[in-house]
Protein chains: 2
Amino acid sequence: MSVTSAQGFIAAGASGGLKSSGEKDVALVVNTGPESHACAVFTTNRFAAAPVLWSRAVLADLDARVVVLNSGGANACTGPDGFTDTHRTAEFVAKVLTQGGIVECAGGDVVVCSTGIIGDRIDMAALERGVHLCSESLSSDGGLHAAQAIMTTDTVPKVATCEGSGYSVGGMAKGAGMLAPGMATMLCVITTDASIPIDWMQESLEHCTSRSFDRLDSDGCMSTNDTVVLLANGASGYEPIREDFEKVLFAVCDELSIALRADAEGSTKDISIQVLGAHTEKQAVEVGRAVARSNLFKCAMFGEDPNWGRILSAVGTTNAQFEPDRVNVSINGIQICTNGSAGESRDGVDLSGRHVEVIIDLREGEAQATIRTNDLSLAYVHENSAYST
Amino acid sequence: MSVTSAQGFIAAGASGGLKSSGEKDVALVVNTGPESHACAVFTTNRFAAAPVLWSRAVLADLDARVVVLNSGGANACTGPDGFTDTHRTAEFVAKVLTQGGIVECAGGDVVVCSTGIIGDRIDMAALERGVHLCSESLSSDGGLHAAQAIMTTDTVPKVATCEGSGYSVGGMAKGAGMLAPGMATMLCVITTDASIPIDWMQESLEHCTSRSFDRLDSDGCMSTNDTVVLLANGASGYEPIREDFEKVLFAVCDELSIALRADAEGSTKDISIQVLGAHTEKQAVEVGRAVARSNLFKCAMFGEDPNWGRILSAVGTTNAQFEPDRVNVSINGIQICTNGSAGESRDGVDLSGRHVEVIIDLREGEAQATIRTNDLSLAYVHENSAYST
């Protein structure tokens, strides 16, 4: 399952001591070949963490053998010393794997991902201890251990797989807070034993992440470390056509996105904001995101209050094309707002369950998009007011 | 004090029955002349409430005699019927004031402001009862009563005055939640007995509100009803030069902005985010607002946690010009981030008081701006998850 469901991938997770809890905090994902095609999408945050800067360089040639990941420290905003730590990590991983006879590789073949508190240096001794332990337990059954090792405030490991015809795609992800946009604050590794040409691999990954992870906006906060890596080894001997591969890859991305939303810090509601009738898909996304970022809307959802006025007031801040007196809004199947004014009775809206479906029909065009978010709960505030202390 | 500190203005506040609590809910501010110059800035929300649509039309000629305000109902998203209610309110006020021999005016001289829940029709009988009661108690001592009548979740009335040389400027405001941007969710009436030429009155008001109310961003949510009205009657016989008047007007706007922040729903911190060294003032505002809207930053402030990583990760989402490895951040006088990395020890930061001063130095240029905000507290979530029920 997970990153080891595809042939030719081995993985492991171990506790090196980065987390004071003693839980697993270092993971390795190793591609044993034959091919080593690789690509990634990264955070657009301008304070990109050292591992992001490093991994961008590693993947410039669309080739990588290994991903090393750690929780217990983001290595972000750590300056040149932080970058040296990441470089040293990659070299160390390459040396351990090569000397151990696992795969022949150099530091430049190793993608590095880190997550945790921003601003602190990584405990390199603990990280290297974790790498050593992982190297000794790498196996094709190690996917779940790796997924556990990248958890921070996550309460469950997140894994997904999807079978193509003749090949497999599997992935793992972590993320629970700082979940937005241009990816949630998250790390994700996806592997496939399909043979994927490097001339469209990157575009395919972006196509899939832009419609899955990029439309998850739990708390509007963008991280410094977001990374989604895709590794492809061709071990199945199968080269899918692009459209088919993108369907399978999207299914894995989408399933992981839903798992991230379900585990968002302190959340009590999983909310889908579907925007219909938009002039363009981009405008649909803009409208959905504006609502997903309204703290007043999110508080109302926590309070199970179908306060559609807060939805319209958020929609009204956008530049999307619409006529205010034509907009309809439904919550869980009840059209409480018709033509920009009160519609059916709010008493009919049942918000007692975890799932909330908001539909905003702009009645302007044919485009649509769905943004996923969560409510703003007392537990979110509690958890995030005490995170680094 | 307040809207009646300037000569020639009378005001009143009364309980018409819009609020189930029986508290005051209708206010009148009347300009007895001689001049009746008037202008306003309004919300940019595209779901602008009926009173905003009406008052924009009233003020197209930069002339108005009266402002009628009500709490207990925003009359927003109420369609054509809501607009008819506002029109009827203005006509009713004009009739009562004219028949009562208070001032001669028509409906087109009456600015209307409403605040409260979005989406419900106004109880016109209650509103008209309140107007009647106000008309009987209008006086030059009525400023505070008017300020009380426009409170919603406000815990205190907000008033301010400032003396120019030979004239006076005074104002009142309400606002506690949905406080952002392009004005907080707020109503504000400012009066002056200076004689202000209509050829620069509107520009002066925009100059002052854009640097005061527009830089208050308590919860990132923009209202449908925001209105700041300025009335000038020339009763002092004094015509100030523009620069001097703007200083006095700004002082009133700024003091009211600070009062709004201090009363923000559930807040435990008054936070000033000062952005220095920006390439342009607009970029400084963009950076300050990005931080003011980070829920993770706001939660950290509530938890008295000087989590500068969350500040940088918000700054990193902007398009402002800066080099990540040159940015400095101070919290309450301690430079905890130097050159984009850890600076002085976070242990030195005292966040126990209500006031928090964040300074972000982009070290790129000479421009600066300050955004005011609040923390994200358990009380904010609690209050806003139970507002309309």
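Here the structure is a predicted model, which is why all the values come from computation and not from measurement. (Residues numbered from 1 in each chain as written. Chains lettered and ligands numbered in written order. Predicted model: local features only at pLDDT ≥ 70, side-chain atom pairs only at ≥ 80, totals over all residues. Heavy atoms only, no water.)

### Focus: the overall build of chain A
Selection criterion: Under the scheme used here, helices are H or I runs from DSSP no shorter than 4 residues and strands are E runs no shorter than 2 residues, and both carry numbers assigned from the N terminus. The globule rule is 2.2 Å times the number of residues to the power 0.38, and the radius of gyration it is compared with is taken over C-alpha atoms. Each residue is assigned to one of three classes by its accessible area relative to the maximum for its type, calculated with a 1.4 Å probe on protein chains only: buried under 20%, partly exposed between the two thresholds, exposed over 50%.
The helix and strand inventory of chain A stands at ten helices and 15 strands. At 22 Å, chain A has a C-alpha radius of gyration in line with the 21 Å of a compact globule built from 389 residues. Its C-alpha atoms give chain A principal-axis dimensions of about 70 × 50 × 35 Å. By the burial criterion, 63% of the 389 residues in chain A qualify as buried.

### As for the pairing of strand β5 (residues 110-114) of chain B
Residues and elements named next belong to chain B. How we decide: Between any two strands, pairing holds if DSSP finds at least two bridges. For the handedness criterion, the strands are oriented away from the viewer, and a crossover whose path from the first strand over the helix to the second runs clockwise is classed as right-handed.
Of all the five residues making up β5, five are buried; the element is thus mostly covered by neighbouring parts of the structure. Every second residue of β5 is oriented toward a common face, with Val110, Val112 and Ser114 on one face and Val111 and Cys113 on the other, all of them buried. Bridge count for strand β4 (residues 66-70) against β5 is five bridges, and the pairing is parallel. The partner of Val67 across the bridge, within β5, is Val111. For the handedness criterion, the β-α-β arrangement of β4, helix α2 (residues 79-99) and β5 is classed as right-handed.

### Digging into the sheet that holds strand β9 (residues 227-232) of chain B
Residue and element names in this part refer to chain B. Condition: A fitted line through C-alpha atoms represents every axis, and for helices the fit uses only the stretch in contact; the resulting angles, taken between N-to-C directions, go from 0 to 180 degrees. By definition, residues are in contact when any of their heavy atoms lie within 4.5 Å.
As summarised here, the arrangement of the five strands in space is β3-β9-β8-β7-β6, forming an open sheet in which the pairing is mixed. Either end of the sheet is taken by a strand with one partner, and the two such strands are β3 (37-42) and β6 (158-163). Neighbour to neighbour, the strand axes of the sheet diverge by 15 degrees on average, direction disregarded. Pairing of β6 with strand β7 (residues 168-174), which is carried by six bridges, proceeds in the antiparallel orientation. Bridge pairing in β7 places Thr161 opposite Gly170. Contacting β3 and β9, helix α5 (residues 198-210) runs over the sheet at an angle of about 35 degrees to β3.

### Structural notes on unusual backbone geometry
Omega for the peptide link from A:Gly33 to A:Pro34 comes to 15 degrees, which places this bond in the cis form. Structurally, A:Pro34 can be placed in the loop between β2 (26-31) and β3 (37-42). Residues other than glycine seldom take positive phi values, yet B:Leu62 does so here, at roughly 55 degrees. Looking at where B:Leu62 falls in the secondary structure, it is placed in the loop between α1 (50-58) and β4. Since its relative accessible area comes to 19%, B:Leu62 is described here as buried. The backbone of B:Asn75 shows a phi angle near 50 degrees, a positive value even though the residue is not glycine. Relative to the helices and strands, B:Asn75 is located in the loop between β4 and α2. By relative accessible area, B:Asn75 is classed as buried at 2%.

### Details of the sheet that holds strand β1 (residues 9-14) of chain B
Strand pairs in the sheet, formed through backbone hydrogen bonds, run parallel or antiparallel to each other. All names here are of chain B. The strand order across the open sheet formed by four strands is β1-β2-β4-β5, and the pairing between neighbours is mixed. Every other strand in the sheet has two partners, leaving β1 and β5 as the edge strands with one partner each. Across this sheet, the average inter-strand angle for adjacent strands is 10 degrees, counted without regard to direction. Packing against the sheet, α2 makes contact with β2 (26-31), β4 and β5, and its axis sits at approximately 130 degrees to β5. Here helix α3 (residues 124-137) sits on the sheet in contact with β1, β2 and β4, set at roughly 45 degrees to β2.

### Focus: the confidence of the model for chain A
For clarity, the cut-off: A score between 0 and 100, pLDDT records how confident the predictor is in each residue.
Looking at chain A as a whole, its pLDDT mean stands at 93, while 96% of the residues score no less than 70. Complex prediction metrics read pTM 0.88 and ipTM 0.86.

### Considerations on the pairing of β2(B)
Looking down a regular strand, the side chains alternate between one sheet face and the other. Residues and elements named next belong to chain B. In terms of residue burial, β2 counts as a mostly covered element, since six of its six residues are buried. Residues Val26, Leu28 and Val30 point to one face of β2 and Ala27, Val29 and Asn31 to the other, with burial holding for every one of them. By the bridge criterion, five bridges tie β2 to β4 in an arrangement that is antiparallel. Bridged to Ala27 within β4 is Leu69.

### So, the packing of aromatic side chains
Heads up, the condition is: When two rings of Phe, Tyr or Trp (its six-membered ring) have centres within 6.5 Å they constitute a pair, described as stacked for plane angles under 30 degrees, edge-to-face for angles over 60, and tilted for the intermediate range. Our definition puts a charge over a ring when NZ of Lys or CZ of Arg is within 6 Å of the ring centre and also within 35 degrees of the ring normal.
Counted according to the given criterion, the structure contains ten aromatic pairs over all chains. A ring pair is formed by A:Phe322 and B:Phe47, whose centres lie 5.6 Å apart and whose planes are at 20 degrees; its orientation type is stacked. With A:Phe322 in the loop between α9 (308-315) and β11 (328-331) and B:Phe47 in the loop between β3 and α1, the pair connects residues from two separate chains. Like B:Phe47, A:Phe322 is buried. Here a set of aromatic residues connected by ring pairs shows up, and it is made of A:Tyr167, A:Trp200, A:Tyr238 and A:Phe245. Looking at A:Arg46, its charged tip hangs above the ring of B:Phe322, at a distance of 3.9 Å from the centre.

### Notes on the interface of chain B and chain A
Interface size, as often reported, equals the accessible area lost upon joining of the parts. Operational definition: Note on terms: buried area is the combined drop in 1.4 Å-probe accessible area of two parts once they are placed together, counting the loss on both. Salt bridge criterion: a side-chain nitrogen from Lys or Arg within 4 Å of a carboxyl oxygen from Asp or Glu. Polar contacts, as counted here, are pairs of nitrogen or oxygen atoms within 3.5 Å of one another; within protein the pair requires one atom able to donate a hydrogen and one able to accept it, and residues that are adjacent in sequence qualify only if both atoms are side-chain atoms.
Taken together, the contact between chain B and chain A spans 53 residues of the former and 53 residues of the latter. Both sides of the chain B and chain A interface together cover about 4,100 Å² of buried area, and 61% of this is carbon and sulfur. Summed over the three residues of chain B that lose the most area to chain A, namely B:Arg46, B:Phe47 and B:Leu296, the buried surface amounts to 18% of that side. There are zero salt bridges connecting chain B and chain A. Taken together, the links from chain B to chain A amount to 15 residue pairs in polar contact (both at pLDDT 80 or more). Those elements that place two or more of their residues in the side of chain B that touches chain A are α8 (295-302), α9 (308-315), β13 (341-342) and α10 (378-384) of chain B. Top contributing element to the side of chain B that touches chain A by residue count: α9(B), with six residues.

### Some points on the relation of the copies chain B and chain A
Note the cut-off: Superposition of the copies was done by least squares, using only C-alpha atoms of residues whose pLDDT is at least 70 in both.
The transformation that overlays chain B on chain A combines an axial shift of 0.0 Å with a rotation of 180 degrees, and the residual RMSD is 0.0 Å. Viewed as a symmetry operation, the transformation between the two copies matches a two-fold axis. Looking at the rotation axis and the C-alpha trace of chain B, the residue lying nearest is B:Leu378, at 2.8 Å. Comparing interface residues between copies, 100% of those in chain B also lie at the interface in chain A; the contact surface is shared.

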